[in-house]
Amino acid sequence: MRVPLYQAKAEFFRMLGHPVRIRVLELLQHGPVPVRDLLADLDIEPSSLSQQLGVLRRSGIVVSIREGSTVSYALAGGDVAELLRAARRILTELLAGQNELLVELRQNDTSLPPVSSGG
């Protein structure tokens, strides 16, 4: 029985729905990265990283590369990097919109403290 496209998409996004997996994909955007470097950047237990890399590998989003005793991971294709860039653009727009709404709310409600410019 064929899985409907919307269900396949939902499963794909559910697979991406873990902060460590997203961070791994971000780290792999510029090329292969050895597991030891991923561990240093992520500050998680090796077993946890192995589990998350396994999910990404089974989904076909990343591939492992063995060179001697070093195992590195790389994105299987450039589309994943583009998806991450699109997510960043969408989040930037959403957060900018929320900040604009917050500014407007605070301007219209004198009981709320003013929005700090952060600098």
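Every value quoted in this text rests on a predicted model; they were computed, and no experiment measured them.

### Here's the deal with the sheet that holds strand E3 (residues 70–75)
Okay, so step 1: An order of E1-E3-E2 is seen for the three strands of this open sheet, with the pairing classed as antiparallel. Each edge of the open sheet carries a strand with a single partner, namely strand E1 (33–34) and strand E2 (62–67).
Okay, so step 2: In the sheet, E1 pairs with E3 via two bridges, with the strands oriented antiparallel. Opposite valine 33, over in E3, you have tyrosine 73 as the bridge partner.

### Remarks on the side chain of glutamine 52
Okay, so step 1: With respect to the helices, strands and loops of the structure, glutamine 52 is situated in helix H4 (residues 46–59).
Okay, so step 2: Within the structure, glutamine 52 has its side chain in polar contact with the side chain of arginine 21 (distance 2.5 Å).
Okay, so step 3: In this view, glutamine 52 contacts His18, Val20 and Arg21; residues no more than four positions away in its chain are not counted.

### A short note on the pattern of salt bridges
Okay, so step 1: In the structure shown here, the tally under the stated rule is three salt bridges.
Okay, so step 2: Taking the shortest distance from any N to any O, the salt bridge between arginine 23 and glutamate 26 comes out at 3.1 Å. Note that arginine 23 and glutamate 26 are positioned in helix H2 (residues 19–27) at a spacing of three residues, about one turn of the helix.
Okay, so step 3: According to the relative accessible area criterion, arginine 23 is partly exposed, its value standing at 35%.
Okay, so step 4: Across the pair glutamate 82 and arginine 85 runs a salt bridge, and its minimum N-O distance is 3.1 Å. Here arginine 85 and glutamate 82 lie together in helix H5 (residues 79–108), a separation of three residues that amounts to about one turn.
Okay, so step 5: Judged by relative accessible area, which is 34%, glutamate 82 ranks as partly exposed.
Okay, so step 6: One network of salt bridges, in which partners are shared, links Glu82, Arg85 and Arg89.

### Considering the packing of H2 against H4
Okay, so step 1: Running from N to C, H2 and H4 cross one another at 75°; their axes reach a closest spacing of 10 Å. Viewed along their axes, H2 and H4 adopt a mutual orientation that is roughly perpendicular. Contacts between H2 and H4 involve Val20, Arg21, Val24 and Leu25 from the former and Leu49, Gln52, Leu53, Val55 and Leu56 from the latter.
Okay, so step 2: In terms of residue class, the contact of H2 with H4 is built from seven nonpolar, one polar and one charged.

Criteria and cut-off values
By convention here, each chain's residues receive numbers from 1 onward along its written sequence. In keeping with the predicted nature of the model, local features appear solely for residues at pLDDT of at least 70, side-chain atom pairs appear and are counted solely at 80 or more, and the whole-chain, interface and lining totals rest on all residues. As a rule here, side-chain values come from all non-hydrogen atoms in the structure, and water together with hydrogens is ignored. A pair of strands counts as paired when DSSP detects no fewer than two bridges linking them. In DSSP terms, a helix is any run of H or I states spanning at least four residues, a strand is any run of E spanning at least two, and both are numbered starting from the N terminus. Between N or O atoms, a polar contact is any pair within 3.5 Å; within protein, one atom must be a potential hydrogen donor and the other a potential acceptor, and residues adjacent in sequence are included only when both atoms are from side chains. We call two residues in contact whenever any of their non-hydrogen atoms come within 4.5 Å of each other. The term salt bridge refers to a pairing of a side-chain nitrogen on Lys or Arg with a carboxyl oxygen on Asp or Glu at a separation within 4 Å. Think of it in three bands: residues with accessible area under 20% of the maximum for their type are buried, residues over 50% are exposed, and the middle band is partly exposed, with areas taken using a 1.4 Å probe on protein chains only. All axes here are fitted lines through C-alpha atoms, helices being fitted over the stretch that makes contact, and every angle between N-to-C directions spans 0 to 180 degrees. Oblique is the label for any angle not under 35 degrees, not over 145, and not in the 65 to 115 range, which are roughly parallel, roughly antiparallel and roughly perpendicular in turn. When residue character is reported, Ala, Val, Leu, Ile, Met, Phe, Trp, Tyr, Cys and Pro are called nonpolar, Asp, Glu, Lys and Arg charged, and the others, Gly included, polar.

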